[in-house]
Amino acid sequence: GFRQQVNSTPTTITGVTIGGVTAAQIVVRSLISESNADNHTEIWSAAVPSGTTADVVITLSATVARLAVSVFKVTGASTSASDTDGISEATTGGGVQAVTLAVPANGGVIGFSFFRGPSSGSASVVTTNFTEDYQVNSESTTNFASGHQNEASGGDITYTFTWTGTPIQGSVACWAAWGPA
């Protein structure tokens, strides 16, 4: 999962390689906030040989103010995502980011979130129906989180990032589900 923020100049991730293997963009959510910040969350995937120790190389169309990266190793999964979704909310949306995905039995889900806020204090996040693996507050109001969940039974499952406070510059999140190979 990747999260980027630029101010005033729209920027995109134009390519990702993992150990020299070209990754494919699975899902992206974007929001141009009230202060003209261009916020994105994205999930990319590549079939990298097992046991690989590799560099992750991200190519951008322009310089970004902030970039957060979470890397997940997924084994025994299909090479194609079975379902994806995301959410982009302005400051009036509150701190709840939720989607429902159709997850195959013995599948799994990865989610990635950006939350700009609250205007004072620091944010924390609670996840619902998946495990938070990573959270960082890179500045007092710039927050990132990611997580995963393995689903033995599968089904239509709602996944949620719930952040404390109200966003001051919007929030974006995306999720992807994979079934077994």
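See above for the structure.
Predicted, not measured: the structure shown is a model, and the values here were computed from it. (Residues numbered from 1 in each chain as written. Predicted model: local features only at pLDDT ≥ 70, side-chain atom pairs only at ≥ 80, totals over all residues. Heavy atoms only, no water.)

Visitor: Please clarify how the pattern of salt bridges should be interpreted in this entry.
Guide: Pairing between side chains of opposite charge can happen when the charged atoms of each approach one another. Tallied over the full model, the rule gives 1 salt bridge. We note a salt bridge from Arg29 to Asp85, for which the minimum N-O separation is 3.3 Å. Residue Arg29 is found in strand β4 (residues 24-32), and its partner Asp85 is found in strand β8 (residues 83-89); the two are separated by 56 residues along the sequence. For Asp85, a relative accessible area of 25% corresponds to the partly exposed category. (Salt bridge = Lys/Arg side-chain N within 4 Å of Asp/Glu carboxyl O. Helix = DSSP H or I, 4+ residues; strand = E, 2+ residues; numbered from the N terminus. Buried < 20%, exposed > 50% of the residue type's maximum accessible area, 1.4 Å probe, protein only.)

Visitor: How should the sheet that holds strand β10 (residues 107-116) be read in this particular structure?
Guide: In a beta sheet, neighbouring strands are held together by backbone hydrogen bonds and run either parallel or antiparallel to one another. Strand order in the open sheet formed by 5 strands is β8-β15-β10-β13-β12, with antiparallel pairing between adjacent strands. Looking at the sheet topology across the chains shown, the edges are occupied by β8 and β12 (131-139). Sheet twist, expressed as the mean angle between neighbouring strand axes with direction ignored, is 10°. As defined by bridge partners, β10 adjoins strand β13 (residues 142-151) across 10 bridges and the pair is classed as antiparallel. In the strand pairing of β13, Phe115 is matched with Asn143. (Pairing = 2+ DSSP bridges. Axes fitted to C-alpha atoms, helices over the stretch in contact; angles between N-to-C directions.)

Visitor: Got a minute to help me understand the layout of surface pockets in this structure?
Guide: A probe as big as a water molecule, rolled over the atoms, marks out the empty space that is left. Estimates place the volume of the largest pocket at around 780 Å³. Surrounding the largest pocket, 30 residues form its lining, Ala46, Val48, Phe72, Lys73 and Val74 being those nearest its centre. Of all the secondary-structure elements, those providing two or more residues to the lining of the largest pocket are β2 (13-18), β4 and β5 (37-45). With 3 residues, β5 is the largest single contributor of residues to the lining of the largest pocket. Here the residues of the lining of the largest pocket sort into 19 nonpolar, 10 polar and 1 charged. Roughly 220 Å³ of internal volume is contained in the second largest pocket. If you trace the second largest pocket, you find 17 residues lining it, with Val74, Thr75, Gly107, Gly108 and Asn150 closest to the centre. Mapped onto the lining of the second largest pocket, the elements with two or more residues apiece are β10 and β13. The element that contributes the greatest number of residues to the lining of the second largest pocket is β10, accounting for 4 residues. (1 Å grid on protein atoms, 1.4 Å probe; cavity = no way out; pocket = protein on both sides within 12 Å on 5 of 7 lines; lining within 4 Å. Points joined across faces, edges and corners; volume = space filled by probe spheres on them. Nonpolar A, V, L, I, M, F, W, Y, C, P; charged D, E, K, R; others polar.)

Visitor: How do you make sense of the sheet that holds β2 when you look at a structure like this?
Guide: If you walk across this open sheet you meet the 3 strands as β3-β2-β6, and the pairing is antiparallel. Either end of the sheet is taken by a strand with one partner, and the two such strands are β3 (21-22) and β6 (56-60). Here β2 pairs with β3 via 2 bridges, running antiparallel. If you follow Ile18 over to β3, its bridge partner there is Val21.

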